[in-house]
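Listed below, chain by chain, are the residues.
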Amino acid sequence: MDEFLLRALAAGLGLALVAGPFGCFVVWRRMAYFGDTLAHSALLGVVLGMVAGLSPSLGIAVLAVALAVVLGLSQGQKKLASDTVLGIVSHGALAAGLVALSLLDDVRVNLVGWLLGDILAVGWIDVAVIWGGGAVALLALWKLWPSLLATTIDEDLAAAEGHDVTRARLGLMLLIALVVAGAMKVVGVLLVTALLIVPAAAARALARTPEQMALWASVLGVVAVICGLGGSWRFDTPSGPSVVLAAVVLFGLVRLSRR
Amino acid sequence: MSRLPGGKPMSALVRLDDVSVSHDGVLALSGITLTVEPGKIVTVIGPNGAGKSTLVKVALGLLVPQSGTVTRRTGLVAGYVPQRLDIPASLPLSVRRFLRMAAGKGDVAAALDRVAAGHVMGRQVRDLSGGELQRVMLARALLRQPDLLVLDEPVGGVDMAGQAEIYDLIAGLARDEGRGVLMVSHDLHVVMAATNEVVCLNRHVCCAGHPENVARHPEYLALFGPRVAASLAVYTHVHDHAHRPDGTVEHLPDGTVEHIHVHGPDCRHG
C-alpha cells in the first residue's frame, strides 16, 4: 500500500472515531446548521491564516472557535430565531472569505481542495494532530458527558440536579468547532457536517442507550471511511465525497435491515 | 445550616420572601412569601398562567427573582419532577439508563417498584404513556434521596386510581421520611386531603393556610364551596377583586361582586 493512502486512512479513521460521539450530540441537539456555519467560515479562516502568516488549518481552527464562542454567547437573545442568527453568520463569513480571497492577488488558494477536501494530501503531522487533538476532544467530552446528556433531556431538570448547563453547552460548541476544523482538510467545507450527522443518524436504529449510539456512530464512521477511501482509490474519485457517499449508503442499509 | 438575617438557624428547606419575577417587563409573580419545612407538603393551586411553574423554578434556584430573597438550606438536595419532558426522538434512552442518570448508585429497581412501575424498566422512555412517565420521573427524583421534592403537576396523565396511589406515596414521603414537598396541582379535592398548606396563586398569593383551618372558616365556602363538587379540574375562584389581563389586581367597586370572600390569615392584599 502506498504511504499516502496509509496516511489518508490513518487521518480518516481518527476523524471517524472522534466524529461519532460528537455527531450524536449534533443529531440530538439539532446542531446541524451550527456545523454548517462553522464550515462556511472556513474559507475566511484560510485567508486570515495565510495573511497572518500561519497555516490555513490554524486559521480555520481559530476562526471556528471564535465563532463558536460568539454564537454560544448570543443564544440568550430572543429577538431572532437561532437559525436566522446562524444564517447571518454563516453566509456573512462565506461572503467575506470569497471577497477577501479576490482582494489578495498574491495568495493562491486551491478552492476545490478546500471545498471537497484533499485527504490524499494529508501529511503525517496532520495525522498526529488529528489523533492527538481527537484524543483530547474525546477526553473533554467524556468529562462533560453526564452534564451534556442531562442538558439534552431537559435543561431545567439538569440545572435542578446541579449540572452546569451553560458550561456544558459552551464546551460542546467549542469542541464541535475543533472537530469541524480538523475534519475540514479531509472531507472539505461542503461535506464536513455529513461526517458528523450521517453515521450518528445510522447508529440511532441500532442503539438503546445514548452510549451505544455513540459507539455505533464511531464504528459506522470507520466503516464508511474504509469503504469510501477504498472506492476513491479504486475508481479515482475525490476522497471526501466518496467517504460521505459510503456513509449515506451505510445509513440506507442500516435502516433497511431494521425495518 | 443557613442562617437568616438576624442569626437564627434556618429550619426551613426553602424560604421565599417577598419575591417578584417579571418576564420582559410583564409581572409573572408579585410579592410571594412561602416556606417549605421538612416533613411538610405545600401545594400551590391556581389557574393557567398564574405563575405556578415560575414559582417552582424560583424555589429550585433555576430563575433568579428581580426582587425579594430566596433562601435554601445549605447542602439542600432537591428532587424535581417537571410538568413534562420532551426527549428528542433521536435520543435512545431506556428507563434504566434514565434512572441511572439521577443516581449512579442506588437501587433503581426498588425505586421503580415503589412507584408501582417496575414493569417499564426495559422500555424506552419515549414509549411510556403519560402516567408511566410521571411515575418514572418520581422514581428518578426519589433516587436522589432528596430533602425537598418539587413536583409540577405530578399526576398529569395518571388515571384516578393511580392519582390516589401517587398522592398517598407523596404524603408518606413527607410524613414518614421527613422530606419537604412543594407541589403544583389543579386538583382541589386532593389538595385538601394530602397537604399541610395550600397556597392559592394568581401571580400574587390570593390566600394561603392550613387546609383544615381554611375549611372551618365560613369564607371557605365562598372560596371553594359551591364549586368544589364540580371543579375537579377547573379552578374557579370568586373574588372581591378582579385580575386585569396582565395579572395586576383591580378592586371592584362595592355592589358589583356577587359575594365577597375574606382572605386567609396569610393574605397579603386587600
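Asks: What should I look at first to understand the overall build of chain A in this one?
Replies: On a plain count of helices and strands, chain A comes out with 12 helices and 0 strands. Listed by position from the N terminus, the elements making up chain A come as α-α-α-α-α-α-α-α-α-α-α-α. The C-alpha radius of gyration computed for chain A amounts to 18 Å, which stays within 12% of the reference 18 Å derived for 259 residues, consistent with globular compactness. Each principal axis of the C-alpha atoms in chain A carries an extent, and together these give about 55 × 45 × 30 Å. Among the 259 residues that make up chain A, the fraction classed as buried is 48%. Of the contacts made within chain A by residues no fewer than 6 positions apart, 73% connect residues no fewer than 24 positions apart.

Asks: Just to check I follow, could you spell out the interface of chain A and chain B for this structure?
Replies: Interface size is commonly expressed as the accessible area that is lost once the parts come together. With 19 residues of chain A in contact, the opposing surface of chain B contributes 17 residues. Considering only residue class, the side of chain A that touches chain B consists of 11 nonpolar, 3 polar and 5 charged.

Asks: Explanation requested: the sheet that holds strand β6 (residues 148-152) of chain B in the structure shown.
Replies: By way of backbone hydrogen bonds, the strands of a sheet pair with one another, either parallel or antiparallel. Residues and elements named next belong to chain B. Within the open sheet, the 6 strands sit side by side as β5-β6-β7-β3-β8-β9. Their pairing is mixed. Both edges of this open sheet fall to β5 (78-81) and β9 (204-209), since each of them pairs with a single strand only. Here the strands of the sheet are splayed against their neighbours by 15° on average, with no regard to which way each runs. One ladder, built from 5 bridges, connects strand β3 (residues 41-45) with strand β7 (residues 180-185); its direction is parallel. If you follow isoleucine 41 over to β7, its bridge partner there is valine 181.

Asks: Would you mind showing me how to read helix α11 (residues 210-235) of chain A here?
Replies: At 3.6 residues per turn, the α-helix brings residues three or four places apart onto the same side. For α11 of chain A, built from 26 residues, the straight-helix expectation of 38 Å at 1.5 Å per residue is met to within 8% by its first-to-last C-alpha distance of 37 Å. Where α11 of chain A terminates, the next one or two residues include aspartate 236 of chain A, which has phi positive at roughly 55°.

Cut-offs and rules
- Residues numbered from 1 in each chain as written.
- Chains lettered and ligands numbered in written order.
- Predicted model: local features only at pLDDT ≥ 70, side-chain atom pairs only at ≥ 80, totals over all residues.
- Helix = DSSP H or I, 4+ residues; strand = E, 2+ residues; numbered from the N terminus.
- Rg over C-alpha atoms; globule rule 2.2 N^0.38 Å.
- Buried ≥ 20, exposed ≤ 12 C-beta atoms within 10 Å, placed from the backbone.
- Contact = placed C-beta atoms within 7 Å.
- Nonpolar A, V, L, I, M, F, W, Y, C, P; charged D, E, K, R; others polar.
- Pairing = 2+ DSSP bridges.
- Axes fitted to C-alpha atoms, helices over the stretch in contact; angles between N-to-C directions.
- Expected span 1.5 Å × (residues − 1).

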